[in-house]
Amino acid sequence: QVQIVESGGGLVQPGGSLRLSCAASGSIFSIYAMGWYRQPPGKQRELVARITSGDETNYADSVKGRFTISRDNAKNAAYLQMNSLKPEDTAVYYCNVYAIVPTKVGDFWGQGTQVTVSS
């Protein structure tokens with residue numbers, strides 16, 4: 001129903017930057033919100049940033065001022081610009097889409113992309 005493709009993860013030194021991209025496709029009537037979650041090693045998945053179709057955003061306190069989420073509604077895409085990265089940002093990052101499709105209204109998830117911050 002919904003295919004989500006993430007890209008942009010990788011290895012970066014502390015203080016560096018990365019930009020994650022997420023694109024959703026399929027039988028989508030509309031997308032209410034897109035977001036990024038992350039799961040550090042040995043920990044639970046947590047919200048990083050989220051943006052609605054009306055461009056309302058919310059961020060985890062740990063990333064405020066460093067990360068910026070944006071969205072291209074025409075492309076069903078979302079982006080996460082991550083600056084001043086820290087080792088504690090190391091995690092698998094998952095794109096989340098809250099969408100309306102023919103058989104469901106709810107959350108869809110990408111496969112995840114690894115972000116490693118290390119010197």
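Please read these numbers as outputs of a predicted model, since none were measured by experiment.

About the thresholds
- Residues numbered from 1 in each chain as written.
- Predicted model: local features only at pLDDT ≥ 70, side-chain atom pairs only at ≥ 80, totals over all residues.
- Heavy atoms only, no water.
- Core = buried A, V, L, I, M, F, W, Y, C linked by side-chain atoms within 4.5 Å.
- Buried < 20%, exposed > 50% of the residue type's maximum accessible area, 1.4 Å probe, protein only.
- Helix = DSSP H or I, 4+ residues; strand = E, 2+ residues; numbered from the N terminus.
- Contact = heavy atoms within 4.5 Å.
- Pairing = 2+ DSSP bridges.
- Axes fitted to C-alpha atoms, helices over the stretch in contact; angles between N-to-C directions.
- Salt bridge = Lys/Arg side-chain N within 4 Å of Asp/Glu carboxyl O.

Now for the nonpolar core. In terms of nonpolar packing, the biggest core is built from 31 residues, with Trp36, Leu80, Met82 and Tyr93 touching the most fellow members. Element by element, the count of residues in this core is highest for strand β9 (residues 91-101), at 6 residues. Beyond its immediate sequence surroundings of up to four residues, Tyr93 is in contact with Glu6, Leu20, Trp36, Tyr37, Arg38, Val48, Phe67, Leu80, Met82, Gly112, Thr113 and Val115.

Along the polypeptide, Leu20 turns up in strand β3 (residues 18-26). What makes Leu20 buried here is its relative accessible area of 0%. With 30 residues separating them along the chain, Leu20 and Arg50 place their C-alpha atoms 13 Å apart. Ignoring anything within four residues of it in the chain, the contact list for Leu20 reads Ser7, Gly8, Gly9, Trp36, Ala78, Tyr79, Leu80, Met82, Tyr93, Thr113 and Val115.

What follows is about the pairing of strand β4 (residues 30-39). When you tally the buried positions in β4, you get 7 out of 10 residues, the bulk of the element. In this sheet, β9 lies alongside β4 in antiparallel orientation, the contact comprising 9 bridges. Across the sheet, the residue bridging to Gln39 is Val92, located in β9. Inspection of the sheet shows β4 paired to strand β5 (residues 46-52) by 6 bridges, in the antiparallel sense. Directly across from Tyr37, in β5, lies its bridge partner Leu47.

Here we come to the sheet that holds strand β1 (residues 2-7). Within the open sheet, the 4 strands sit side by side as β1-β3-β8-β7. Their pairing is antiparallel. At either end of the open sheet lies a strand with only one pairing partner, and these are β1 and β7 (67-72). Taken over all neighbouring pairs, the strand axes of this sheet differ in orientation by 15° on average, direction set aside. The sheet contact formed by β1 and β3 spans 6 bridges and is antiparallel. Across the sheet, the residue bridging to Val2 is Gly26, located in β3.

Once that is clear, we can look at the pattern of salt bridges. Tallied over the full model, the rule gives 4 salt bridges. For Arg38, the salt bridge goes to Glu46, with nearest N and O atoms at 2.8 Å. By relative accessible area, Arg38 is classed as buried at 4%. With a shortest N-O distance of 2.9 Å, Arg38 and Asp89 are connected by a salt bridge. Taken as a pair, Arg38 in strand β4 and Asp89 in the loop between β8 (77-82) and β9 lie far apart in primary sequence, 51 residues in all. By the burial criterion, Arg38 is buried, and Asp89 matches it. Through salt bridges with shared partners, a single network forms among Arg38, Glu46, Arg66 and Asp89.

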